[in-house]
Amino acid sequence: MAKLRVKEIVKQRGLTLAKVAEMLDVHPVNLSTTLNGNPTINTLSRIAEVLEVDFVELFEREDRPTISGFVKLGTEVVEVSSVADLERALDKAKGL
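Cut-offs and rules
The numbering scheme is per chain: residues are counted from 1 as the chain's sequence reads. Only residues with pLDDT of 70 or above have their local features reported here, since the model is predicted, and side-chain atom pairs are shown and tallied only from 80 upward, although totals for entire chains, interfaces and linings are computed over all residues. The side-chain figures draw on all heavy atoms in the structure; neither hydrogens nor water molecules are used. Helix numbers and strand numbers start at the N terminus; a helix is a DSSP run of H or I with at least 4 residues, a strand a run of E with at least 2. Residue burial is assigned from relative accessible area. The probe radius is 1.4 Å, only protein chains are included, and a residue is buried under 20% of its type maximum, exposed over 50%, and partly exposed in between. In protein, a polar contact requires one atom able to donate a hydrogen and another able to accept it; more generally it is a pair of N or O atoms within 3.5 Å, and residues adjacent in sequence count only if both atoms are side-chain atoms. What we call a nonpolar core is a set of buried Ala, Val, Leu, Ile, Met, Phe, Trp, Tyr and Cys residues that are connected through their side-chain atoms within 4.5 Å. Only heavy atoms matter for contacts: two residues are in contact if any of them lie within 4.5 Å across the pair. Expected span, for any helix, means 1.5 Å times one less than how many residues it has. As used here, the arc is the angular range of directions from the helix axis to the C-beta atoms.

Undergrad: Quick one: what's the story with the environment of His27, residue by residue and with numbers?
TA: Secondary-structure assignment places His27 in the loop between helix 2 (17-24) and helix 3 (28-36). The exposure class assigned to His27 is partly exposed, which follows from its relative accessible area of 48%. Separated by 65 residues in sequence, His27 and Lys92 have C-alpha atoms that sit 33 Å apart. A distance of 3.1 Å separates a polar side-chain atom of His27 from the backbone nitrogen of Val29.

Dropping the structure here:
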């Protein structure tokens, strides 16, 4: 079974599980319990949507290439640890 990366992604986004729960309109305890148990596809899909990542990014895969680094965009340094992060950095770079 693939390991969920939700907590990792939440941290990367500078959010908390409590904030994500608020965005999902659920109680933080319910979100935590769900993530530690067996979340439904619908729940994971909603989480991916509020975190602005592809559904598959929520799962850790051994065969997935690692993306890790920092990109300097003007005076801002952006951490890149997923394809979604890289795409956001590219969008920001296009606006410079």
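Undergrad: Describe the nonpolar core, listing the residues and the values that go with them.
TA: Counting residues in each nonpolar core, the largest one holds 15 residues, and the members touching the most others are Val6, Val20, Leu31, Ile47, Leu51, Val53 and Leu58. Every element with two or more residues in this core is listed here: helix 1 (6-12), helix 2, helix 3 and helix 4 (41-51). Of all the elements, helix 4 adds the most residues to this core, at four residues. Contacts of Val20, omitting those with residues within four sequence positions, involve Val10, Leu15, Leu31, Val50 and Leu51.

Undergrad: How would you sum up helix 5 (residues 83-94)? Please name residues and give values.
TA: Between the first and last C-alpha of helix 5 there are 16 Å, a value that for twelve residues agrees with the 16 Å anticipated at 1.5 Å per step. Turning to helix 5, its buried residues number three or more, namely Ala84, Asp85 and Ala89. One side of helix 5 holds all its buried residues, which, seen down the axis, span an arc of 140°. Turned more than 90 degrees away from the buried face of helix 5, the exposed residues are Asp91 and Lys94. At its buried positions, helix 5 is contacted by helix 1, strand 3 (69-73) and strand 4 (76-80).

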